[in-house]
Amino acid sequence: MNKKMAAAWLICFALLLLMPGAVWAVTKDRFQTDATENTVSTEIPKLTKDNYRDYPGLVESAFNAAVPFRSQLISFSSLTDLKLFCEKSINDKVVIGSDNWLFYSMESDIDDYKGTNLFTEGQLAQIASQLTTSEQWLSNRDSEFILMIAPNKETIYGEEHLPSYYKKAEETRTDQLIAYLKKNTDIRIVYPKEEMLKYKKEYSLYWHYDTHWNAAGGYIGAKALLRELGDELPEVEDITFTPDTFSGYDLARMMNLQSYYEKNMPVEENYIVTGYNGNNLQAVSIDDATALVYHSDAPDTRKLFMVRDSFAGGMAGPVASSLSDCYMAHWNGFFTQSMVEEQKPDVFVLELVERRLDYLLSFCLTD
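Residues numbered from 1 in each chain as written. Predicted model: local features only at pLDDT ≥ 70, side-chain atom pairs only at ≥ 80, totals over all residues. Heavy atoms only, no water.

Student: Before we go on, may I ask you to explain the packing of helix H5 (residues 121-139) against helix H7 (residues 173-184) in this structure?
Tutor: It is at 10 Å that the axes of H5 and H7 come closest, and there the two elements cross at 55°. What the angle tells us is that H5 and H7 run oblique. The two elements H5 and H7 meet at a crossing, and its hand is right-handed. Contact residues: H5 offers Glu121, Leu124, Ala125, Ile127, Ala128 and Leu131, while H7 offers Gln176, Leu177, Tyr180 and Leu181. Looking at side-chain class alone, the contact of H5 with H7 contains eight nonpolar, one polar and one charged residues. (Axes fitted to C-alpha atoms, helices over the stretch in contact; angles between N-to-C directions. Helix = DSSP H or I, 4+ residues; strand = E, 2+ residues; numbered from the N terminus. Parallel < 35°, antiparallel > 145°, perpendicular 65-115°, else oblique. Left-handed = near helix turned anticlockwise from the far one by under 90°. Contact = heavy atoms within 4.5 Å. Nonpolar A, V, L, I, M, F, W, Y, C, P; charged D, E, K, R; others polar.)

Student: What am I meant to see in the side chain of Ser324 here?
Tutor: Structurally, Ser324 can be placed in the loop between helix H12 (316-322) and strand E10 (325-330). A relative accessible area of 7% means that Ser324 is categorised as buried. Polar side-chain contacts of Ser324 include one of 3.4 Å to the backbone oxygen of Arg302. Within the structure, Ser324 has its side chain in polar contact with the side chain of Asp325 (distance 3.4 Å). When residues no more than four places from it in sequence are discounted, the contact partners of Ser324 are Tyr294, His295, Ser296, Ala298, Asp300, Thr301 and Arg302. (Buried < 20%, exposed > 50% of the residue type's maximum accessible area, 1.4 Å probe, protein only. Polar contact = N/O pair within 3.5 Å; in protein donor to acceptor, adjacent residues only side chain to side chain.)

Student: Could you clarify how one ought to interpret the sheet that holds strand E4 (residues 188-190) in this entry?
Tutor: Backbone-to-backbone hydrogen bonds pair the strands of a sheet. The strands run either parallel or antiparallel. Across the sheet, seven strands lie side by side as E4-E3-E11-E9-E10-E8-E7; this open sheet has mixed pairing. Unpaired on one side and paired on the other, E4 and strand E7 (282-286) mark the two borders of the sheet. Direction aside, neighbouring strands of the sheet carry axes that sit 20° apart on average. Looking at chain direction, E7 and strand E8 (residues 291-295) are connected through four bridges and run antiparallel. From the neighbouring strand, Gln282 faces E8, where its bridge partner is His295. In the packing of H5 onto the sheet, the strands contacted are strand E3 (144-150) and strand E11 (347-353), and the crossing angle to E3 comes to about 140°. (Pairing = 2+ DSSP bridges.)

Student: In this structure, what is going on with helix H9 (residues 215-228)? I would like to understand it.
Tutor: Spacing of three or four residues puts side chains on the same side of an α-helix, whose turn is 3.6 residues. Across its 14 residues, H9 extends 20 Å between first and last C-alpha, which sits within 8% of the 20 Å expected from 1.5 Å per residue. In terms of residue burial, H9 counts as a mostly covered element, since eleven of its 14 residues are buried. Where H9 is concerned, the buried positions are Ala216, Gly217, Gly218, Tyr219, Ile220, Gly221, Ala222, Lys223, Ala224, Leu225 and Leu226. Of the residues that open H9, the one with a side-chain oxygen 3.0 Å from the backbone nitrogen of Ala216 is Asn214. Remark: Gly230 follows H9 within two positions and exhibits a positive phi of approximately 90°. (Expected span 1.5 Å × (residues − 1).)

Student: Sorry if this is basic, but what is going on with unusual backbone geometry here?
Tutor: Excluding glycine, most residues fall at negative phi; most peptide bonds, likewise, are trans. You will see that Asp99, though not glycine, has its phi angle at about 55°, which is positive. Residue position: Asp99 is located in the loop between strand E1 (94-96) and strand E2 (102-104). By relative accessible area, Asp99 is classed as exposed at 58%.

Student: What is the right way to read the packing of aromatic side chains from this model?
Tutor: Working definition: an aromatic ring pair is given by the centre-to-centre distance plus the angle between the planes. Counted under the stated rule, the structure contains 21 aromatic pairs. Both rings, one in Tyr165 and one in Tyr166, keep their centres 4.8 Å apart while their planes meet at 55°; by these two values the pair is tilted. On the accessibility criterion, Tyr166 (17% relative accessible area) is buried. Where Phe305 meets Phe335, the ring centres are 6.0 Å apart and the plane angle is 55°; that geometry is what we call tilted. Here Phe305 is found in strand E9 (residues 303-308), whereas its partner Phe335 is found in the loop between E10 and helix H13 (337-343), with 30 residues between them in sequence. Phe305 gets classed as buried once you look at its relative accessible area, which sits at 0%. Linked through ring pairs, Phe145, Phe305, Tyr327, Trp331, Phe335, Phe348, Tyr359 and Phe363 together constitute an aromatic cluster. Sitting over the face of the ring of Phe103, Lys153 holds its NZ or CZ atom 5.3 Å from the ring centroid. (Phe/Tyr/Trp six-rings, centres within 6.5 Å; stacked < 30°, edge-to-face > 60°. Lys NZ or Arg CZ within 6 Å of the ring centre and 35° of its normal.)

Student: Is there a simple way to explain the nonpolar core in this structure?
Tutor: Where a protein is soluble and globular, its nonpolar side chains tend to be buried together. One finds Leu225, Phe241, Leu304 and Val319 to be the most contacted residues of the largest nonpolar core, which totals 49 residues. The element best represented in this core is H9, accounting for seven residues. The contacts of Phe241, once residues within four sequence positions are left out, are Tyr203, Ala216, Tyr219, Val236, Tyr271, Ile272 and Val273. Judged by nonpolar contacts, the second largest core, of 35 residues, contains Leu181, Ala291, Met339 and Leu350. (Core = buried A, V, L, I, M, F, W, Y, C linked by side-chain atoms within 4.5 Å.)

Student: Would you mind going over the side chain of Asn214 with me for this structure?
Tutor: Its location among the elements puts Asn214 in the loop between helix H8 (193-199) and H9. Of note is the side chain of Asn214, whose polar atom sits 3.0 Å from the backbone nitrogen of Ala216. The contacts of Asn214, once residues within four sequence positions are left out, are Ser204, Leu205, Tyr206, Trp207, Glu269, Asn270 and Tyr271.

So, in structure tokens, the structure goes:
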């Protein structure tokens, strides 16, 4: 190969490397540019004394998130894996189940289902001690304490829809924890697993393309919680569930395929739930990332404070309609103990989904 030919090849190679960036610079406004698969920020972080050890990785992550046509390439890759290769795991976040069901695998959902992440005796004792301390702290302030655990989607529908190579455990860490707390503490626990199993064939209680329970699942969860509080919602058989297609599509979005699922897959299964007394419910402030605040004319004049995750949104309406005031603070970076002092609730509920039980290792209300 002569020098001119070598130079020509080098120029062509350089153009191939530069072309996507050049095309992106001209056409990016015509394409979706947000990180639809819930990826990291594209902003290059500032170097500080606190992040210098991790700085190279942070820069690499930001660079990777800003690659031209990233969103389109991820969509193409996910769709190829899904349709051409029939993959059951599109990435490290999503598992494809039967009948187009999607399941979350980024956190502990699959390990919870398989029972491979049981707590140690030391961890169980630590959680029990901290919850007992929290219960006493609240009791000293005339507040009831309830722990509510929302079942993972896999707990209710895993046997029917997860790939068969995932084997359901005889004992999960939720079972383990509840048994330990009932034996060693007086903590009141709400875990509406059996209630949901009862109705799971009659209604789809979780969105197919999202990690969360839908409005029907949320109603069953709310009913279980309120029963523990001494309030009764109408039986499921007496409620009207009107089909609705709204969904968060978070699992489809993690594959960058929300638009594809919305247009090409069977419609989502959700419901508009009516038939219970709303008691003139008013949404005072709604921000899922921070707090959900409600007021109603419910005969039960107790004030509820809930530390919660996103599952609380599905049961917020029925719960908030049943008590006069509800303040539901998100646990992840927003909740502080001082809020409880300020709100002075009659009832304190710690609500979290099964996959986030590790949070109990750090949660403690204490002087």
